[in-house]
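The chain contents come next:
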Amino acid sequence: MNIESQVQLKPFNTLSLNSIASHYVKIQSIVDLQQALQFSKAHDLNVLLLSGGSNMMLPEHIHALVVAIDIQGIEFLSEDAESKTIKVGAGQVWHDFVLWTTTQQLYGLQNLALIPGLVGASPVQNIGAYGVEVGEFIQSVEVYDRQSAQTLSIQAQDCHFSYRHSIFKDDPDRYVITHVIFKLLKHADLKVNYGDLKDAMMDDMSAENLQKQVIHIRQSKLPDPKEYPNVGSFFKNPIIKQQEFSQLIAKFPNIPHYPQAGNHVKIAAGWLIDQSGWKGKQLNQVGMFHKQALVLVNYADATLTDVRATYQAVQKDVFEKFGVHLEPEPVLYNELGLIKNH
């Protein structure tokens, strides 16, 4: 384990924000993690966990120990007639893992292809796309509990998965995810009724084609972070009460919407942003992408201040037009490596 000083984190966050960490370490095992946590305690440093860097906004200077998770490995645990259970290291690249499952004829995650980040980050906000959420296929999550200083296995039902949420977001300083246990199907049960995915599938209803079309659609709409630094979908799709939605659709009958449990309705944040005039619009170095209004892009050497000015302007315009508050997806950090409110 090698702890470095004054490390530039720009290559490690997909929004490509300049951010200097006072201390940085890459960990490849639970032993590495324990040693890193001991160092942070001895030097009175907060710990900022860095996974794929695809869902975070960092300040220009961070006085903390940034811990990059690089635990690798895929291990088959068990199987039955319907499924196989596998254990995956938190440092595995998510998209590569999804592609691997398809080559192994394991099904369920194809709708989540090309989502940036690492496997360990997937349960945190219960990543989802095209009608599928990762929590549907997680059996358990292995963690190091910083509170009790021991490793634990948290069953899926105890993770409290919901839309872009889990217990790991409720208590971000307690658990370090080391492995994720997936229970994947041996026989494909395709979910293709979301958006334009069904039309793209045409007559080929195979899991391989589903994955191919998801990748194609995402590539056609979403910019490559290497070319246009971004964090993917920047805002959550708002979920509002049916009564509020009834008032909204009376004014805006074309609003895309999806019924939810508990007499709620999910509405499309990208549509709200587009209708508010922000698709393709920039504020200084930051703007909403011209092909997908939901994606905020760093077009030049933007700072966190620039990013916040832009997304807050978007929030203001959407609220004034629709009376709906947009909640950002990426996590915002302060100069001490702690999560702060937007």
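Being a predicted model, the structure only gives us computed values, none of them experimental.

Draft legend 1. Broad picture of the overall build of the protein chain. In terms of regular secondary structure, the protein chain is built from 9 helices and 21 strands. In terms of overall dimensions, the protein chain is globule-like: its C-alpha atoms have a radius of gyration of 20 Å, near the 20 Å expected for 342 residues. Overall size of the protein chain, expressed as C-alpha extent along the three principal axes, is 60 × 55 × 35 Å. Each of the 342 residues in the protein chain was classed as buried or not, and the buried ones make up 50%. In the protein chain, 60% of the contacts between residues at least 6 apart in sequence involve partners at least 24 apart. Surface exposure of the protein chain reaches about 15,900 Å², of which carbon and sulfur atoms provide 47%. Averaging the positions of the 28 positive and the 35 negative side-chain charges in the protein chain gives two centres separated by 4 Å.

Draft legend 2. Helix 6 (residues 207-221), seen in detail. The end-to-end C-alpha distance of helix 6, which contains 15 residues, comes to 21 Å, matching closely the 21 Å that a straight helix rising 1.5 Å per residue would cover. Of the residues making up helix 6, those classed as buried are A207, N209, L210, Q211, Q213, V214, I215, I217 and R218. Tucked into the core, helix 6 has its buried residues touching helix 2 (94-103), strand 8 (128-129) and helix 5 (197-201).

Draft legend 3. Inspection of the sheet that holds strand 20 (residues 331-333) at higher detail. Across the sheet, 3 strands lie side by side as 4-20-21; this open sheet has mixed pairing. Because the sheet does not close on itself, it has two edges, and the strands there are strand 4 (56-57) and strand 21 (339-340). Where strand 4 meets strand 20, 2 bridges bridge the pair, whose relative direction is parallel. In the strand pairing of strand 20, M57 is matched with L332. Contacts from helix 9 (residues 304-322) reach strand 4, strand 20 and strand 21 within the one sheet, and its direction differs from that of strand 20 by about 135 degrees.

Draft legend 4. Structural detail: the environment of K226. Tracing the sequence through the fold places K226 in the loop between helix 6 and strand 13 (230-233). Taking the relative accessible area as the measure of exposure, K226 reaches 80% and is therefore exposed. Taking the C-alpha atoms as reference, K226 lies 8.8 Å from S16; in sequence the two are 210 residues apart.

Draft legend 5. Helix 2, seen in detail. Among the residues making up helix 2, those that are buried are W94, H95, F97, V98, T101 and T102. Along helix 2, the residues classed as buried sweep out an arc of 160 degrees about the axis, all on the same side. Taken together, the buried residues of helix 2 touch strand 6 (74-79), strand 7 (83-89), strand 12 (175-185) and helix 6.

Draft legend 6. View of the side chain of R164. Positionally, R164 belongs in the loop between helix 3 (156-159) and helix 4 (167-170). You can call R164 buried: its relative accessible area is 11%. Residues in contact with R164, not counting those within four places in the same chain, are Q125, N126, I127, G128, K169, K236 and E329.

Draft legend 7. Layout of the nonpolar core. One finds V67, W94, L109, F168 and F182 to be the most contacted residues of the largest nonpolar core, which totals 50 residues. With near-sequence residues (within four places) excluded, F168 lies in contact with P123, V124, V141, V143, I154, C159, Y175 and I177.

Draft legend 8. Representation of the pattern of salt bridges within the structure. All chains considered together, the criterion is met by 9 salt bridges. Linking E142 and K87 is a salt bridge whose minimum nitrogen-to-oxygen distance equals 3.4 Å. Of this pair, E142 sits in strand 10 (residues 138-145) while K87 sits in strand 7; the two residues are 55 residues apart in sequence, bridging distant segments of the chain. Its relative accessible area of 22% is what places E142 among the partly exposed residues. Among the ionic pairs, R164 bridges to E329, the shortest N-O distance being 3.6 Å. In this pair, R164 sits in the loop between helix 3 and helix 4 while E329 sits in the loop between helix 9 and strand 20, placing the two residues 165 residues apart along the sequence. Comparing R164 with E329, the two get one shared label, buried.

Draft legend 9. Looking closely at the layout of surface pockets. Within this model, the second largest pocket holds a volume of roughly 1,100 Å³. Contributions of two or more residues to the lining of the second largest pocket are made by strand 2 (20-27), strand 5 (61-69), helix 2, helix 6 and strand 13. If you tally residues by element for the lining of the second largest pocket, the top one is helix 6, at 4 residues.

Draft legend 10. Main features of unusual backbone geometry. Despite not being glycine, Q6 has its phi angle at roughly 50 degrees, a positive value. You can call Q6 exposed: its relative accessible area is 54%. Despite not being glycine, M202 shows a phi value in the positive range, around 55 degrees. The residue M202 is located in the loop between helix 5 and helix 6 in this model. By relative accessible area, M202 is classed as exposed at 66%.

Rules of the game
Residues numbered from 1 in each chain as written. Predicted model: local features only at pLDDT ≥ 70, side-chain atom pairs only at ≥ 80, totals over all residues. Heavy atoms only, no water. Helix = DSSP H or I, 4+ residues; strand = E, 2+ residues; numbered from the N terminus. Rg over C-alpha atoms; globule rule 2.2 N^0.38 Å. Buried < 20%, exposed > 50% of the residue type's maximum accessible area, 1.4 Å probe, protein only. Contact = heavy atoms within 4.5 Å. Areas by Shrake-Rupley, 256 points an atom, 1.4 Å probe, with all protein chains shown as cover. Lys, Arg positive; Asp, Glu negative; His and termini not counted. Charge placed at Lys NZ, Arg CZ, Asp CG, Glu CD. Expected span 1.5 Å × (residues − 1). Pairing = 2+ DSSP bridges. Axes fitted to C-alpha atoms, helices over the stretch in contact; angles between N-to-C directions. Arc of directions from axis to C-beta. Core = buried A, V, L, I, M, F, W, Y, C linked by side-chain atoms within 4.5 Å. Salt bridge = Lys/Arg side-chain N within 4 Å of Asp/Glu carboxyl O. 1 Å grid on protein atoms, 1.4 Å probe; cavity = no way out; pocket = protein on both sides within 12 Å on 5 of 7 lines; lining within 4 Å. Points joined across faces, edges and corners; volume = space filled by probe spheres on them.

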